[in-house]
Amino acid sequence: MWFFARDPVRDFPFELIPEPPEGSPPGLWVLHRGRKKATGSAVSIFVYDVKPGAEEQTQVARAAFKRLKTLRHPNILAYIDGLETEKCLYIVTEAVTPLGTYLKARAEAGGLKEQELSWGLHQIVKALSFLVNDCNLIHNNVCMAAVFVDRAGEWKLGGLDYMCSAQGNGGGPPSKGIPELEQYDPPELADNSSRAVKEKWSADMWRLGCLIWEVFNGPLPRAAALRNPGKIPKSLVTHYCELVGANPKVRPNPARFLQNCRAPGGFMSHRFVETNLFLEEIQIKEPTEKQRFFQELSKSLDSFPEDFCRHKVLPQLLTAFEFGNAGAVVLTPLFKVGKFLSAEEYQQKIIPVVVKMFSSTDRAMRIRLLQQMEQFIQYLDEPTVNTQIFPHVVHGFLDTNPAIREQTVKSMLLLAPKLNEANLNVELMKHFARLQAKDDQGPIRCNTTVCLGKIGSYLSANTRHRVLTSAFSRATKDPFAPSRVAGVLGFAATHNLYSMNDCAHKILPVLCGLTVDPEKSVRDQAFKTLRSFLSKLESVSEDPTQLAEVEKDVHAASSPGTGGAAASWAGWAVTGVSSLTSKLIRAHPTPMPSETSVPQRAAPEGNPAPAPAPPPLATSGHWETQEEDKDTAEDSATADRWDDEDWGSLEEAESVLAQQDDWSAKGQGSRAGQVSHPDRKSLESDWSSWEAEGSWDQGWQEPSSVEPPPEGTRLTSEYNWGGTEPSDKGDPFAALSARPSTQPRPDPDSWSEDNWEGLEAESRQVKAELARKKREERRREMEAKRAEKKATKGPMKLGARKLD
């Protein structure tokens, strides 16, 4: 039987990448790029080839192999695996680049910032402090060739070939035999007389001074060049001179050197170093310290290196969210760091966390997600939006906090293009109808109308026909003036989605009624929109062949491009509306829909009506005169800048969200500091009424025609209207004079014609009924207590003393 020897290199779980070796520094080892066979992850492989007649160097290499395998420190090159054979030695470490190669590459790209250099030197000095003070070892090879940089820009100390004990046992340091490394030896090594007065760290601190000189000035030509600091920063020159002093006794301990450089105003005293030090100890920090750190981190990320943000800050942010309960504070820095990632990395690292965040019940986190959705929406695919994100987002429409409801409405601008048929045309429209009809906040009703105008082009043709006209008509009767403006602009923004018959019979009558609106801003927009619709009708009247071209989008499928064209045509300006709503929600209390008189349409012909007195343009319940003039000017000046500015109306409420109860906790009613709606108690029952009342189409359409007459009623064609034949049946309509009206009541959750006053009347009845029931329960409770007290003690005799 034959036995074949196995090749250990072939069985090694790591392999060399067939490329020329990286710019290996002088020394025994040759640095190669490598990867793990199983996963393909990048590593670095240091290779030493055993040569005949070089037993001393081989012994030094084996000692370095053992040292690197046993020493573990964040600032020392991390050992992963190794292989030792008769022909070679392999040491596998984290993927790194020699410091000299790294500095040269960064110099071509603009050079390293001083904060990066200070943190790199901080790491090397900390590694020396660990070796000297904790391990009692002398590195004996500190130079540019012994320092490596990982992908996060962290500096690692390697080159452990010539390490020796500081106590002297085991002999002195091994000889190097490499001139490029011996030039960094301190002068006292050649002078035996000064050995007795030096410290154990003196030689390594001299070499540290040489490393600092080379980092700022380039390769060291000779030892005499150390006398000239060159480009070394002034804040470091004093401490540098201590390192390269001729007297080894005065060279500071590595720990003392760090302390001196970290003093206020020192070379290593700045935000970048402090951030790194906090991240290294974040696992032992208090929760309050972590919260404060993450809140301040986003301000500094713009000045931090990109590699540092991607490979050091991002993992800590993800860990803090997964295991540290950091909450919403990690969102802002997380999305800032996400800008440095590729699309593939974003999908792998950020999107899973975002999807998980949307299922959180933390109000502060939910509103932060909604506010910053623009930064990650492009990375979300449609199945993820419809199945994992939208079901959680719609809860915001029912939240008792106005800021969350408003941000939920605004987020629909970004989500609408990715929603499927059911979520967009059914579920979302149901919530929009409820908000526009029942929400007690005027700005939210206004922004609902604004959002509907922007996403109108994404709706199906059937939904557009049923929803848009009714929705914008309802908005024009809102007591909140900016809502009426939004309704007018909604018609203008979606002008290409209406047939000419709808324009003439449904839209123009609504707009004509607004030409006498109490607010000038409403009248101005009404006149402008009227002229636009009239010009379209006139052009079609002059040339009927244009009808097909004008109505080409009416029955077309949803097309995102249509909305953009409509917005530019109509001057659909969110700046004008949003600035008004943000100002009013902060300065004035928002009236309920029934508290302000709604401008009524003109009475039909034949019905006499008293001539109403012209209402004042500004009343105490509306805007102040000065503010009206100012806001009107803003509105007209920004009429053509729909997407220039962000919506802003209720964002200031965000600061108190973290202190409020969970949105899904018991009691969806009003809480302290929140606005409650009188109909909010019956919201869940109203929600279920959509399914109980019939089909979806019936909920959105205008009130149907009068139901069939009762049995026995004759049609008008059966009567003799000529009057030549006598009739002994009397007046055929007399029996119908007392017939009650059969006009169906409009659904309050649909876009049909509604009565704003009915909402307050209904709420007053509910409140009165609740108060009556409460008084009745209280009376019965008091009577029961009196009866119980009388039954237990019995009647008291006259003159008897009551005993407790």
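Please read all numbers here as calculations on a predicted model, not as lab measurements.

This brings us to the overall build of the protein. Within the protein one finds 30 helices and 10 strands. Here the protein, with 804 residues, has 47% of them falling under the buried criterion. The contacts in the protein between residues at least 6 apart in sequence include a share of 71% that link residues at least 24 apart. Accessible area of the protein: about 41,600 Å², with a carbon and sulfur share of 53%.

On strand S8 (residues 147–150), burial covers both faces: Val147 and Val149 on one face and Phe148 and Asp150 on the other are all buried. Where strand S6 (residues 96–98) lies against S8, three bridges are found, and the strand directions are antiparallel. When the bridges of S8 are listed, Thr97 appears paired with Val149. Pairing analysis gives three bridges linking S8 to strand S9 (residues 155–157), with the strands arranged antiparallel. Opposite Phe148, over in S9, you have Lys156 as the bridge partner. Count of turn residues in the S8/S9 antiparallel hairpin: four residues, of which Gly153 carries a positive phi of about 85°.

What follows is about the pattern of salt bridges. A complete count under the given rule lists 29 salt bridges for this structure. Between Lys552 and Glu549 there is a salt bridge, with its nearest N and O atoms 3.2 Å apart. Assessed through its relative accessible area of 52%, Glu549 is described here as exposed. For Arg772, the salt bridge goes to Glu769, with nearest N and O atoms at 2.7 Å. Of the two residues, Arg772 and Glu769 both sit in helix H30 (residues 756–793), three residues apart, roughly one turn of that helix. According to the relative accessible area criterion, Arg772 is partly exposed, its value standing at 41%. Look at the salt bridges and you will find they share partners, linking Glu776, Arg779, Arg780 and Glu783 into a network.

Attention shifts here to the packing of helix H21 (residues 481–493) against helix H23 (residues 520–542). Two elements in contact, H21 and H23, have axes separated by 9 Å at closest approach and are oriented at 10°. The orientation of H21 with respect to H23, classified from their angle, is roughly parallel. Side by side, H21 and H23 meet where Ala481, Arg484, Val485, Val488, Leu489, Phe491 and Ala492 of the first sit next to Ser521, Val522, Gln525, Ala526, Thr529 and Phe533 of the second. Among the residues making up the contact of H21 with H23, the classes are represented as nine nonpolar, three polar and one charged.

Here we take up unusual backbone geometry. A positive phi is found at Asn136, a non-glycine position, where the angle reads about 60°. Here Asn136 lies in the loop between helix H4 (114–134) and strand S7 (137–138). Within the chain, Asn140 stands out as a residue other than glycine whose phi angle is a positive 70°. The residue Asn140 is located in the loop between S7 and S8 in this model.

With that settled, the discussion passes to the side chain of Ser298. Positionally, Ser298 belongs in helix H10 (residues 287–300). Here Ser298 is in contact with Thr332, Pro333 and Lys336, once residues within four sequence places are set aside.

A separate point is the confidence of the model for the protein. Across the protein, the average pLDDT comes to 75, with 69% of residues at 70 or higher. Across the protein, the element-wise mean pLDDT spans from 35 in helix H28 (residues 683–692) up to 95 in S9. Scored below 50 in pLDDT, residues 712–717 makes four contacts in the model with residues more than four places away or belonging to other chains. Long-range and interchain partners of residues 752–760, a stretch whose pLDDT sits below 50, account for 28 contacts in this model, where long-range means more than four residues apart.

The next point concerns the packing of helix H19 (residues 442–455) against helix H20 (residues 461–475). The interhelical angle for the contact between H19 and H20, taken along N-to-C directions, is 150°, at an axis separation of 10 Å. Here H19 lies roughly antiparallel to H20, going by the angle between them. For the crossing formed where H19 meets H20, the hand is left-handed. Of H20, the residues touching H19 (which contributes Thr449, Leu452 and Gly453) are Val467, Leu468, Ala471, Phe472 and Ala475. Residues of the contact of H19 with H20, tallied by class, amount to six nonpolar, two polar and no charged.

Further remarks concern the packing of aromatic side chains. For the structure shown, the criterion picks out 17 aromatic pairs. Residues Phe272 and Phe308 carry aromatic rings whose centres are separated by 4.8 Å and whose planes lie at 65° to one another, so their mutual orientation is edge-to-face. With Phe272 in helix H9 (residues 271–280) and Phe308 in helix H11 (residues 306–323), the pair connects residues that are 36 residues apart, well separated along the chain. By relative accessible area, which is 2% here, Phe308 ends up buried. Here the aromatic residues Phe12, Phe14 and Tyr90 are joined through ring pairs into a cluster of three or more.

Next up on the list: the sheet that holds strand S2 (residues 30–36). On the basis of which strands lie adjacent, the open sheet formed by five strands has the order S1-S2-S3-S5-S4 and antiparallel pairing. Two strands bound the open sheet, and with one partner strand each, they are strand S1 (14–16) and strand S4 (79–84). Each adjacent strand pair in this sheet contributes to an overall mean axis angle of 30°, direction not counted. The strands touched by helix H2 (residues 55–70) are strand S3 (42–49), S4 and strand S5 (88–94); relative to S4, the strand with the most contacts, the crossing angle is about 145°.

For the rest of this paragraph, the subject is the sheet that holds S6. As summarised here, the arrangement of the three strands in space is S6-S8-S9, forming an open sheet in which the pairing is antiparallel. Each end of this open sheet is capped by a strand with a single partner; those strands are S6 and S9. Shown here is a sheet whose adjacent strand axes are inclined to one another by a mean of 40°, direction ignored.

This brings us to helix H3 (residues 99–108). All of the buried residues in H3 are Leu99, Tyr102 and Leu103. Seen end-on, H3 carries its buried residues on one side only, within an arc spanning 95°. H3 presents Lys104 and Glu108 as exposed residues on the side facing more than 90 degrees away from its buried surface.

Rules used in this analysis
Residues numbered from 1 in each chain as written. Predicted model: local features only at pLDDT ≥ 70, side-chain atom pairs only at ≥ 80, totals over all residues. Heavy atoms only, no water. Helix = DSSP H or I, 4+ residues; strand = E, 2+ residues; numbered from the N terminus. Buried < 20%, exposed > 50% of the residue type's maximum accessible area, 1.4 Å probe, protein only. Contact = heavy atoms within 4.5 Å. Areas by Shrake-Rupley, 256 points an atom, 1.4 Å probe, with all protein chains shown as cover. Pairing = 2+ DSSP bridges. Salt bridge = Lys/Arg side-chain N within 4 Å of Asp/Glu carboxyl O. Axes fitted to C-alpha atoms, helices over the stretch in contact; angles between N-to-C directions. Parallel < 35°, antiparallel > 145°, perpendicular 65-115°, else oblique. Nonpolar A, V, L, I, M, F, W, Y, C, P; charged D, E, K, R; others polar. pLDDT = per-residue confidence, 0-100. Left-handed = near helix turned anticlockwise from the far one by under 90°. Phe/Tyr/Trp six-rings, centres within 6.5 Å; stacked < 30°, edge-to-face > 60°. Arc of directions from axis to C-beta.

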